[in-house]
There are 2 protein chains.
Amino acid sequence: MQRAAALVRRGCYPRTLGPWGRGQSSAAAEASAVLKVRPERSRRDRILTLESMNPQVKAVEYAVRGPIVLKAGEIELELQRGIKKPFTEVIRANIGDAQAMGQQPITFLRQVMALCTYPNLLDSPSFPEDAKKRARRILQACGGNSLGSYSASQGVNCIREDVAAYITRRDGGVPADPDNIYLTTGASDGISTILKILVSGGGKSRTGVMIPIPQYPLYSAVISELDAIQVNYYLDEDNCWALNVNELRRAVREAKEQCDPKVLCIINPGNPTGQVQSRKCIEDVIHFAWEEKLFLLADEVYQDNVYSPDCRFHSFKKVLYEMGPEYSSNVELASFHSTSKGYMGECGYRGGYMEVINLHPEIKGQLVKLLSVRLCPPVSGQAAMDIVVNPPVPGEESFEQFSRTHQMAPDMFYCMKLLEETGICVVPGSGFGQREGTYHFRMTILPPVEKLKTVLQKVKDFHIKFLEKYA
Amino acid sequence: MQRAAALVRRGCYPRTLGPWGRGQSSAAAEASAVLKVRPERSRRDRILTLESMNPQVKAVEYAVRGPIVLKAGEIELELQRGIKKPFTEVIRANIGDAQAMGQQPITFLRQVMALCTYPNLLDSPSFPEDAKKRARRILQACGGNSLGSYSASQGVNCIREDVAAYITRRDGGVPADPDNIYLTTGASDGISTILKILVSGGGKSRTGVMIPIPQYPLYSAVISELDAIQVNYYLDEDNCWALNVNELRRAVREAKEQCDPKVLCIINPGNPTGQVQSRKCIEDVIHFAWEEKLFLLADEVYQDNVYSPDCRFHSFKKVLYEMGPEYSSNVELASFHSTSKGYMGECGYRGGYMEVINLHPEIKGQLVKLLSVRLCPPVSGQAAMDIVVNPPVPGEESFEQFSRTHQMAPDMFYCMKLLEETGICVVPGSGFGQREGTYHFRMTILPPVEKLKTVLQKVKDFHIKFLEKYA
């Protein structure tokens with residue numbers, strides 16, 4: 001049973017109920033029964049049906065946008081029509097869609113994008129010079145200086161250079177080569193493209209793809225589409241969803257009886273777990289991939305979303321290089337990032353990149369060929385990716401506004417921590433105005449005296465600990 | 001031999017030479033021989049190689065962006081570095097990329113896009129009100145009123161409504177249902193998605209996909225990726241590349257011996273042939289598809305690129321409806337369009353749509369599920385699609401500028417026809433300035449008298465015929 005759960009051949013999943021499952025077959029049968037008594041309609045059997053369609057596509061399950069999400073859309077329409085419900089709006093917490101939740105886009109990014117879109121604005125005095133400079137640089141790298149031209153299938157050259165420079169900075173100087181950067185239509189596109197190239201073989205030689213459980217359902221969906229073998233390894237819920245290399249060993253050992261495990265997918269920081277892997281854990285994983293001859297896929301789209309002061313993001317690329325040439329010139333790695341996550345949250349632009357390490361030169365040719373069938377990723381998404389990896393820097397006109405928007409003010413941070421750790425809700429001084437460089441909070445003193453004493457004691461204890469930690 | 005040519009099982013193609021073919025294997029072998037004498041590098045065998053990779057991807061050929069295009073990129077870099085060649089620039093006529101060739105984007109489209117991108121501009125007096133109205137309408141339909149949010153996987157609702165209204169207008173009132181419209185990442189994405197759902201079976205039951213020869217190489221590439229069977233039907237070069245239904249019959253008859261032909265792909269207007277199918281031809285094709293139980297794929301991305309006054313574009317959808325309910329309620333059809341072609345040429349935005357007819361309701365659910373794995377098409381491309389199907393109309397502020405840019409001025413049309421029909425090259429009066437509503441041409445009278453007589457006689461004959469035809 002353990003193995004059956006850990007290793008599921010696509011197509012053996014139970015069918016889902018609901019809008020795309022077998023649950024509707026009876027309704028369809030009824031409909032065709034009705035048609036039979038009205039032969040003048042002469043409805044013939046459809047060519048494309050659940051029975052005749054691609055069984056691998058039928059087996060795909062996609063939780064993030066499944067029946068619940070379709071139902072949410074229906075309920076929204078009902079609310080719009082005035083139907084009473086015990087709530088007045090649907091809050092879509094099913095997907096990381098920051099701007100749909102009210103997050104405002106970054107001004108600088110949107111300024112550059114607007115300038116690229118409508119270059120007449122380059123003459124407008126209401127746009128800052130640094131945004132204009134960026135827009136000119138991007139447009140100069142586009143065919144006909146236009147976002148409306150196709151780009152190279154691998155992506156616009158100067159944007160790939162900016163991505164490589166970003167990775168080099170992020171990894172403390174470990175070099176990145178623009179030739180190894182491929183711009184993509186969001187991270188999903190890159191992940192499915194590289195998996196498509198990797199999957200081969202039949203029967204017991206069919207490619208096994210190791211994925212964490214819980215996973216982001218893109219992986220199981222693409223594995224199903226490609227008729228590959230999904231090899232599950234379980235994250236340790238009792239240990240904050242950490243990855244345990246012994247569990248990887250168990251999974252690969254059992255998988256080898258039924259397929260050829262060739263790919264190891266890692267999601268770090270975790271989705272949906274939020275777990276941030278330690279440097280030691282990443283080293284262990286890389287050593288394991290080296291030992292077991294596994295191609296590493298590192299989904300690192302949440303690299304800018306690490307909030308705990310106790311955690312730090314380490315890229316697989318950096319750790320790989322720090323482990324020495326035996327690893328850094330042998331382990332094959334593809335790592336993914338996108339415009340959708342981080343502080344930008346530009347999901348709709350579908351921008352992303354992948355960096356490949358130690359990819360065989362012939363395979364790089366194959367990769368470009370495969371990407372070229374879809375011509376190129378959206379050029380507007382590529383431009384957005386450029387700003388994500390290359391935000392305003394000190395000395396540039398837009399830097400101050402940019403940095404103000406995306407650091408939590410110290411008083412806000414203090415109040416947030418106070419609430420999280422003590423349950424006491426006070427208001428940051430910035431809501432009331434305060435002299436620059438000073439920070440306050442405002443609290444009401446309405447609780448009865450005994451309660452107030454307790455409250456103040458808690459605030460005191462918190463304050464001392466806070467200063468110890470962040471002073 | 002005939003059958004062997006017409007019906008090629010993927011993977012049996014001869015390997016290509018060049019950057020992604022076997023031609024490099026010997027170089028790779030040399031490289032690994034060198035490594036063997038330097039064991040300290042300890043390069044291990046790669047996991048992902050030409051031998052181990054997905055053989056279906058390896059078999060993909062993609063002519064439009066193949067080795068020639070890579071070479072073109074190299075030559076451009078050489079020219080930039082100052083290397084002398086017998087020419088000073090590479091002219092990329094390999095792909096329909098209008099803006100890369102210098103075509104200017106449509107002002108109205110880019111204004112709406114800039115307003116959507118950076119809504120602060122909605123307060124700017126330098127944008128026309130009709131563009132602002134469009135931008136507000138699109139943004140109101142986006143999550144958080146932002147292009148940065150994911151849209152529904154099928155596409156933004158109001159844009160699908162605009163597409164349906166466009167199709168209804170185009171087809172003289174034949175109704176289109178927004179529920180049957182799916183926005184896509186360019187037409188390529190829609191075509192490969194629907195093919196992915198259609199392909200099934202093994203051995204002699206494997207799905208056969210009929211495609212014209214010559215074809216647009218997306219088709220052969222996707223058929224290869226999906227391990228489907230490519231069934232070639234040949235267009236009649238001696239008859240302006242017309243489609244002959246007898247050739248369809250021959251192809252399907254021979255294909256049935258080796259696979260299950262289930263899909264018929266039509267490219268109209270033709271790519272690369274430019275052939276525009278007559279209404280009669282389309283009727284014949286639809287009847288054939290009905291008879292042979294084939295799912296129709298109508299690639300109609302060049303529907304706005306019909307230049308000959310003798311030809312007219314007829315959509316498969318419209319002809320299907322005009323053939324009566326036996327066809328219109330039975331024949332399964334998917335038709336494709338994009339922002340890339342037509343007069344807009346917005347290739348980089350990767351916008352497109354498909355309309356499906358008679359798709360089984362369960363399959364519609366499967367389609368949405370499959371699209372949802374990639375979350376959504378780029379929202380900026382969806383917005384561009386909206387303006388393509390919904391350009392400014394008379395009475396709107398931007399209409400005059402819009403229509404001026406995209407109808408050929410009468411004098412330009414006259415001179416173009418004169419050149420095409422007589423070989424005489426004169427210049428339209430608009431290049432020199434003329435009173436509004438009047439049209440002129442300018443010709444030099446430098447040829448010798450005898451030649452000039454002939455020339456003037458030809459102009460006279462042309463002029464009389466021109467007035468007969470267009471008066």
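Keep in mind that this is a model prediction, so the values were computed, not measured.

Lay out the pattern of salt bridges with the relevant residues and their values.
All told, the structure shown has 32 salt bridges over all chains when counted by the stated rule. With its nearest N and O atoms 2.7 Å apart, the salt bridge here joins Glu292(A) to Lys256(A). Within this pair, whereas Glu292(A) is found in helix α11 (residues 279–292), its partner Lys256(A) is found in the loop between α10 (245–255) and β5 (260–267), the two being separated by 36 residues in sequence. Look at Glu292(A) and you get partly exposed, because its relative accessible area is 23%. As a salt-bridge pair, Lys280(B) and Asp284(B) come within 2.8 Å of each other at their nearest N and O atoms.

Any details on the interface of chain A and chain B? Residues and values, ideally.
Each partner contributes residues to the interface: chain A has 100 residues there, and chain B has 100 residues. Of the roughly 8,800 Å² buried between chain A and chain B on both sides combined, carbon and sulfur atoms contribute 56%. The largest contributions to the chain A side of the interface with chain B come from Ile47(A), Leu48(A) and Tyr150(A), which together make up 9% of the buried area. Between the two partners, chain A and chain B, sit four salt bridges. Lys196(A) is the partner of Glu225(B) in a salt bridge, and the nearest nitrogen-oxygen pair spans 2.5 Å. Linking chain A with chain B are 36 residue pairs in polar contact (both at pLDDT 80 or more), by the criterion used here. Within the residue set of the side of chain A that touches chain B, elements represented by two or more residues are α2 (25–36), α3 (55–58), α5 (107–117), α8 (186–198), α9 (218–225), α11, α14 (361–373) and α15 (379–389) of chain A. It is α14(A) that provides the largest number of residues to the side of chain A that touches chain B, a total of eight residues. Taken together, the residues of the side of chain A that touches chain B sort by class into 44 nonpolar, 34 polar and 22 charged.

Would you mind going over unusual backbone geometry in detail, with residue names and values included?
Along the chain, Ile213(A) connects to Pro214(A) via a cis peptide bond; the corresponding omega equals 5 degrees. Of note, Pro214(A) is situated in the loop between β3 (207–213) and α9. Of note, the phi angle at Trp241(A) is positive, near 60 degrees, even though the residue is not glycine. Within the secondary structure layout, Trp241(A) lies in the loop between β4 (229–234) and α10. Backbone geometry places Asn358(B), a non-glycine residue, at a positive phi of 60 degrees. Owing to a relative accessible area of 15%, Asn358(B) belongs among the buried residues under this scheme.

So what's going on with helix α10 (residues 245–255) of chain B? Residues and values would help.
Residues and elements named next belong to chain B. Across the eleven residues of α10, eight count as buried, placing the element largely inside the fold. Turning to α10, its buried residues are Val-245, Glu-247, Leu-248, Arg-250, Ala-251, Val-252, Glu-254 and Ala-255. Capping the start of α10, Asn-244 holds a side-chain oxygen 2.7 Å from the backbone nitrogen of Asn-246, two or three residues further along.

So what's going on with the nonpolar core? Residues and values would help.
Judged by nonpolar contacts, the single largest core of 170 residues is most densely connected at Ile194(A), Leu297(A), Ile194(B) and Leu297(B). The contacts of Ile194(A), once residues within four sequence positions are left out, are Phe295(A), Leu297(A), Ala334(A), Phe336(A), Met354(A), Val356(A) and Leu367(A).

Can you break down the relation of the copies chain A and chain B residue by residue, with the values?
With an RMSD of 0.4 Å, the operation that places chain A on chain B is a rotation of 179 degrees combined with a shift of 0.0 Å along the axis. Put plainly, the chains are arranged around a two-fold axis. When C-alpha distances to the rotation axis are compared across chain A, the minimum falls at Ala114(A), with a value of 2.4 Å. When the interface residues of chain A are mapped onto chain B, 100% of them again fall at the interface, so both copies present the same face.

What counts as what
Residues numbered from 1 in each chain as written. Chains lettered and ligands numbered in written order. Predicted model: local features only at pLDDT ≥ 70, side-chain atom pairs only at ≥ 80, totals over all residues. Heavy atoms only, no water. Salt bridge = Lys/Arg side-chain N within 4 Å of Asp/Glu carboxyl O. Helix = DSSP H or I, 4+ residues; strand = E, 2+ residues; numbered from the N terminus. Buried < 20%, exposed > 50% of the residue type's maximum accessible area, 1.4 Å probe, protein only. Contact = heavy atoms within 4.5 Å. Buried area = accessible area lost by both parts, 1.4 Å probe. Polar contact = N/O pair within 3.5 Å; in protein donor to acceptor, adjacent residues only side chain to side chain. Nonpolar A, V, L, I, M, F, W, Y, C, P; charged D, E, K, R; others polar. Core = buried A, V, L, I, M, F, W, Y, C linked by side-chain atoms within 4.5 Å. Least-squares fit on C-alpha atoms with pLDDT ≥ 70 in both.

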